[in-house]
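Structural characterization, general
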There are 2 protein chains.
Amino acid sequence: MDTINIGLFGLGTVGSGFYKVINMAHNAHARIAGICVRNLNKQRDITLEPGILTNNPDDILCNPEINLIVEVIDDAEQAFSIVKRALEKGIPVVSGNKAMIATHLPQLIELQRKYNTALLYDASSCGSIPVIRNLEEYYDNDLLLEVKGILNGSSNYILSQVFDHGQNYRHALCKAQELGFAETDPSFDIKGFDSLFKLVIITVHALGVYVEPQRVFTFGIDSIHDTDIEYAREKNVKIKLVAQVFKTCANKFTMFVMPELVRPERYIYSVDDEYNGVVIRGRCYDRQFMFGKGAGALPTASSILSDVMARRHNYKYEYKKMAFSPRPEYTTDVDLKIYCSFSSTRIDELLPFREITEKYISQNRNYITGYISLQQLIKNRQLLDAPDVFIANIETPRF
Amino acid sequence: MDTINIGLFGLGTVGSGFYKVINMAHNAHARIAGICVRNLNKQRDITLEPGILTNNPDDILCNPEINLIVEVIDDAEQAFSIVKRALEKGIPVVSGNKAMIATHLPQLIELQRKYNTALLYDASSCGSIPVIRNLEEYYDNDLLLEVKGILNGSSNYILSQVFDHGQNYRHALCKAQELGFAETDPSFDIKGFDSLFKLVIITVHALGVYVEPQRVFTFGIDSIHDTDIEYAREKNVKIKLVAQVFKTCANKFTMFVMPELVRPERYIYSVDDEYNGVVIRGRCYDRQFMFGKGAGALPTASSILSDVMARRHNYKYEYKKMAFSPRPEYTTDVDLKIYCSFSSTRIDELLPFREITEKYISQNRNYITGYISLQQLIKNRQLLDAPDVFIANIETPRF
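All of the points below concern the structure found in this document. All of these numbers come straight from a predicted model, not from anything done at the bench.

Points about the environment of Glu49 of chain B
- With respect to the secondary-structure elements, Glu49 of chain B resides in the loop between strand 2 (30-36) and strand 3 (53-54).
- In the structure, Glu49 of chain B is positioned 224 residues away from Asp273 of chain B in sequence and 36 Å away in space, judged by C-alpha atoms.

Observations regarding unusual backbone geometry
- Cis geometry marks the peptide bond from Ser325 of chain A to Pro326 of chain A; its omega dihedral reads -5°.
- Mapped onto the elements of the fold, Pro326 of chain A is located in the loop between helix 11 (297-311) and strand 13 (329-330).
- At Asn314 of chain B, a residue that is not glycine, the phi angle is positive and equals roughly 55°.
- Among the structural elements, Asn314 of chain B can be located in the loop between helix 11 (297-311) and strand 13 (329-330).
- The class for Asn314 of chain B is exposed, based on a relative accessible area of 53%.

Notes on the packing of aromatic side chains
Residues and elements named next belong to chain A.
- The full count for this structure, using the stated rule, is 36 aromatic pairs over all chains.
- Here the aromatic rings of Tyr267 and Phe289 are separated by 5.2 Å at their centres, their planes lie at 25°, and the arrangement is stacked. Of this pair, Tyr267 sits in the loop between strand 10 (252-262) and strand 11 (275-282) while Phe289 sits in strand 12 (residues 286-293), and the two are 22 residues apart along the sequence.
- Residue classification places Tyr267 among the partly exposed residues on the basis of a relative accessible area of 23%.
- Sitting over the ring of Tyr269, Lys238 keeps its end group 4.5 Å from the ring centre.

Considerations on the packing of helix 3 (residues 76-88) of chain B against helix 4 (residues 98-114) of chain B
All names here are of chain B.
- Contact pair helix 3 / helix 4: the axes reach a minimum separation of 10 Å and the direction vectors enclose 15°. The orientation of helix 3 with respect to helix 4, classified from their angle, is roughly parallel. The two elements helix 3 and helix 4 cross, and the hand of that crossing is right-handed. Contact with helix 3, carried on its side by Ala76, Glu77, Ala79, Phe80, Val83, Lys84, Leu87 and Glu88, involves Ala99, Met100, His104, Gln107, Leu108, Leu111 and Gln112 of helix 4 and no other residues of that element.
- Of the residues in the contact of helix 3 with helix 4, the class split is nine nonpolar, three polar and three charged.

Describing the packing of helix 6 (residues 153-165) of chain A against helix 7 (residues 169-178) of chain A
Residue and element names in this part refer to chain A.
- Contact geometry for helix 6 and helix 7: axes closest at 9 Å, N-to-C directions at 135°. Here helix 6 is positioned oblique relative to helix 7, judged by the angle of their axes. When the axes of helix 6 and helix 7 are compared, the crossing they make is right-handed. Contact with helix 6, carried on its side by Ser154, Tyr157, Ile158, Gln161 and Val162, involves Tyr169, Ala172, Leu173, Lys175 and Ala176 of helix 7 and no other residues of that element.
- Residues of the contact of helix 6 with helix 7, tallied by class, amount to seven nonpolar, two polar and one charged.

Digging into the side chain of Lys293 of chain A
- Here Lys293 of chain A is to be found in strand 12.
- The exposure class of Lys293 of chain A is buried, given its relative accessible area of 19%.
- What Lys293 of chain A contacts, discounting residues up to four positions off in sequence, is Cys126, Gly127, Ser128, Glu274, Tyr275 and Pro299 of chain A together with Tyr285 and Asp286 of chain B.

With respect to the interface of chain B and chain A
- Counting from both sides, the interface comprises 46 residues of chain B and, opposite them, 46 residues of chain A.
- In this assembly, chain B packs against chain A so that about 3900 Å² is buried in total across both faces, 53% of it on carbon and sulfur atoms.
- Among the residues chain B hides against chain A, the three largest losses belong to Asn27, Tyr138 and Cys284 of chain B. Together they make up 19% of the total.
- A salt bridge links Lys293 of chain B to Asp286 of chain A; the shortest N-O distance between them is 3.7 Å.
- Along the contact surface separating chain B from chain A lie 17 residue pairs in polar contact (both at pLDDT 80 or more).

Considering the pattern of salt bridges
- If you walk through the whole model with that rule in mind, you get 54 salt bridges over all chains.
- Ionic pairing is found between Arg215 of chain A and Glu212 of chain A, a salt bridge with its closest N-O pair at 3.5 Å.
- The class for Arg215 of chain A is partly exposed, based on a relative accessible area of 44%.
- For Lys198 of chain B, the salt bridge identified is with Asp194 of chain B, shortest N-O distance 2.7 Å. Linking Lys198 of chain B with Asp194 of chain B, this pair stays in helix 9 (residues 193-207), spanning four residues, or about one helical turn.

With respect to the relation of the copies chain B and chain A
- Expressed as a screw transformation, the operator carrying chain B onto chain A has a rotation angle of 180° and an axial translation of 0.0 Å, and the superposed copies differ by an RMSD of 0.0 Å. As the rotation angle and translation indicate, the two copies are arranged about a two-fold axis. The rotation axis passes nearest to the C-alpha of Met290 of chain B in chain B, at a distance of 2.3 Å.
- In this assembly, 100% of the residues forming the interface of chain B have copies in chain A that are likewise at the interface, indicating an isologous arrangement.

Details of the sheet that holds strand 6 (residues 119-120) of chain B
Residues and elements named next belong to chain B.
- If you walk across this open sheet you meet the six strands as 3-2-1-4-5-6, and the pairing is parallel. Each edge of the open sheet is held by one strand with a lone partner, namely strand 3 and strand 6.
- Summarising the sheet, strand 1 (residues 4-9) and strand 2 pair through six bridges and their orientation is parallel. Opposite Asn5, over in strand 2, you have Arg31 as the bridge partner.
- Packed on one face of the sheet, helix 11 meets strand 1, strand 2, strand 4 (68-71), strand 5 (93-95) and strand 6 and runs near 165° to strand 4.

Remarks on helix 7 (residues 169-178) of chain B
All names here are of chain B.
- Listing the buried residues of helix 7 in full gives Tyr169, Ala172, Leu173 and Ala176. Angular distribution of buried residues about the axis of helix 7 spans 100°; they occupy a single face of the element. Along helix 7, the residues that are exposed and aim more than 90 degrees away from the buried face are Arg170 and Glu178.
- On the buried face of helix 7, the contacting elements are helix 6 (153-165) and helix 8 (186-190).
- Where helix 7 starts, the residue carrying a side-chain oxygen 2.9 Å from the main-chain nitrogen of Arg170 turns out to be Asn168.
- Immediately beyond the C-terminal end of helix 7, within one or two residues, lies Gly180, with a positive phi of roughly 80°.

Some thoughts on the sheet that holds strand 2 (residues 30-36) of chain A
Residue and element names in this part refer to chain A.
- Ordered by their spatial adjacency, six strands build an open sheet running 3-2-1-4-5-6, and the pairing between neighbours is parallel. Each edge of the sheet is formed by a strand with only one pairing partner; in this case those strands are strand 3 (53-54) and strand 6 (119-120).
- Strand direction decides the pairing type here: strand 5 (residues 93-95) and strand 6, joined by two bridges, are parallel. Within the sheet, the bridge partner assigned to Val94 lies in strand 6 and is Leu120.
- Running at roughly 155° to strand 2, helix 1 (residues 13-22) makes contact with strand 1 (4-9), strand 2 and strand 4 (68-71) of the sheet.
- Strands strand 1, strand 2, strand 4, strand 5 and strand 6 of the sheet are contacted by helix 11, whose axis makes an angle of about 165° with strand 4.

How each quantity is defined
- Residues numbered from 1 in each chain as written.
- Chains lettered and ligands numbered in written order.
- Predicted model: local features only at pLDDT ≥ 70, side-chain atom pairs only at ≥ 80, totals over all residues.
- Heavy atoms only, no water.
- Helix = DSSP H or I, 4+ residues; strand = E, 2+ residues; numbered from the N terminus.
- Buried < 20%, exposed > 50% of the residue type's maximum accessible area, 1.4 Å probe, protein only.
- Phe/Tyr/Trp six-rings, centres within 6.5 Å; stacked < 30°, edge-to-face > 60°.
- Lys NZ or Arg CZ within 6 Å of the ring centre and 35° of its normal.
- Axes fitted to C-alpha atoms, helices over the stretch in contact; angles between N-to-C directions.
- Parallel < 35°, antiparallel > 145°, perpendicular 65-115°, else oblique.
- Left-handed = near helix turned anticlockwise from the far one by under 90°.
- Contact = heavy atoms within 4.5 Å.
- Nonpolar A, V, L, I, M, F, W, Y, C, P; charged D, E, K, R; others polar.
- Buried area = accessible area lost by both parts, 1.4 Å probe.
- Salt bridge = Lys/Arg side-chain N within 4 Å of Asp/Glu carboxyl O.
- Polar contact = N/O pair within 3.5 Å; in protein donor to acceptor, adjacent residues only side chain to side chain.
- Least-squares fit on C-alpha atoms with pLDDT ≥ 70 in both.
- Pairing = 2+ DSSP bridges.
- Arc of directions from axis to C-beta.

Structure below.
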């Protein structure tokens, strides 16, 4: 591969960012040969070569000059159909679409094998932090015990605004969208789905096991109440949206996305604003912490550049841990200590806690803390989905 | 390569740690087939297979079963001769010996090319943090501007003891040695040579340029004075031993190892004890921070395990940036703002500051702050080596 001739799908925030970044990276010997967009006539703030735009995917996929596809469109199903077609033609793909990847990963792995080509997606998880690559290449052994972090820059930005700058939740959400940190559909960020998809991808590379997104307990920050923020302040903790996967014993692991009451001595406590931070824990090396911008056009685009350049050396994910024997098994049979606040829904009577450690009832708002299994949280999902209910993880057991 | 049969040179702190780690990593499909030590009769705290020890390097290097050498001995020149012989025989090597690598890197690169084999040494820099691999594989483009960090766990442990626990410097040094953080010769750590060697290696992978260690300004912490610690406390900064390489303009870079007055808002401010922390700065992604245990047997051994497993996939460093065009040029023509304290040596009269910003003279101890070029620091090295002189970097220009 002498020059990398890129076919780019999508010219939104990340796509435009990538267009700028590729023009700074002379030693990449890469150029954008064609761009497929939905709307040809949209006003754009970058100057494009004439004739480079098309709205017909075939103009890119059937262009024999193009030897790499970069896919950064918004729609997950459309993205999947493009990526699938590219892989079937043997064209390697770099993608940042976590929803698409998390949902279709087994099929995408199979397509890579069948057509002997590659799909790289480090940009899909944690923007500019090379989490996937490091899990795949460096933490590629039996020592890994846990990956835990703040994976969504937008919800973290909102919580930082609320916590550190005393802003109102709605206002903070609008500001995040203005700054280009939030996805078009904000529920993707604040309901925890963005973190969930990233966690599903991370788990494949951390432990070699694919768990369907719908099997993973996911609770967002959209039902957070002023009293929760007061509670956290009183206890000198911050509420962060945390995604985690960890071994519960030698041959089992669990995973979930949930707000967490984070104490100041934790690494992720100081991950504020649009930043992401990931803690990788293992036997022997204890904890490692990686920290960087997790949202924004240019940080994500620079991560895509890293994947593009990796193709210069024919790099592909080997999914080595999927061949590990034995592989750990996914379980939800794990006890968590949680905080749960509510108004009208009588959580204290309805949710089967194994042990209640605190209960506060007032005219305004109530909360309870105690031990409950993750299984029970999943079973009682409907109860937790009541708009007056908010939960946060306090403590998880560690292996 | 079905099973990796390792020939291990050295069974000191790191060697014994590696022996333990390899026995935990079943999916590595690697075993230690032979160990070369200096003293066969030394008492050791690990149980070895009978007949596995030898004191004759040839028993390892000429054993046709052995397909990987792990070299973790203390002596740099002896290490070089072993690594050279292994590479000449086409046997790949994993090494943690920063002095050896930093001193002989051009020749080691040439040997790898000539004999089409590999030398991996991620464990040589920052223990368990995958800095080299990430610079080589992920930050492998034109965007990189700076790598800066605390690269020596032992001197950082000592400074933390002094700063945060009010300990005496000598006592802290002894404790570091007891805990196995310090090298056999402590001057290696506290005079900054360990950081220097790591910085030389990092610079090859960050910017594609090899700079001989003796050309790099290196100042340690061994002449630190109680009044320096008081000064730092008053100013609400910590003194850390910092290694850095950064671009001064589009086509030039500089590098040095020097104590630094680090402000609380900096990432490295909170890197305490035996931890290492590295900040990677680039266009587009701004700053990324990696943090983890930088010293100790098991963290370093787990890093060696990562390099061993990388060989399963025939991984080798490509030294890609050495082929970048143009490569930036090393310069010492850069102005630094420094703090310099002294007793009898009249630094204020002898050191050619471009601008003096503060001067404090007392019966006890004196200090001066001001701007001076790195070139002048190198020229006046002898002056700075007077035992009553201590310097620390306050500010560096940024491109």
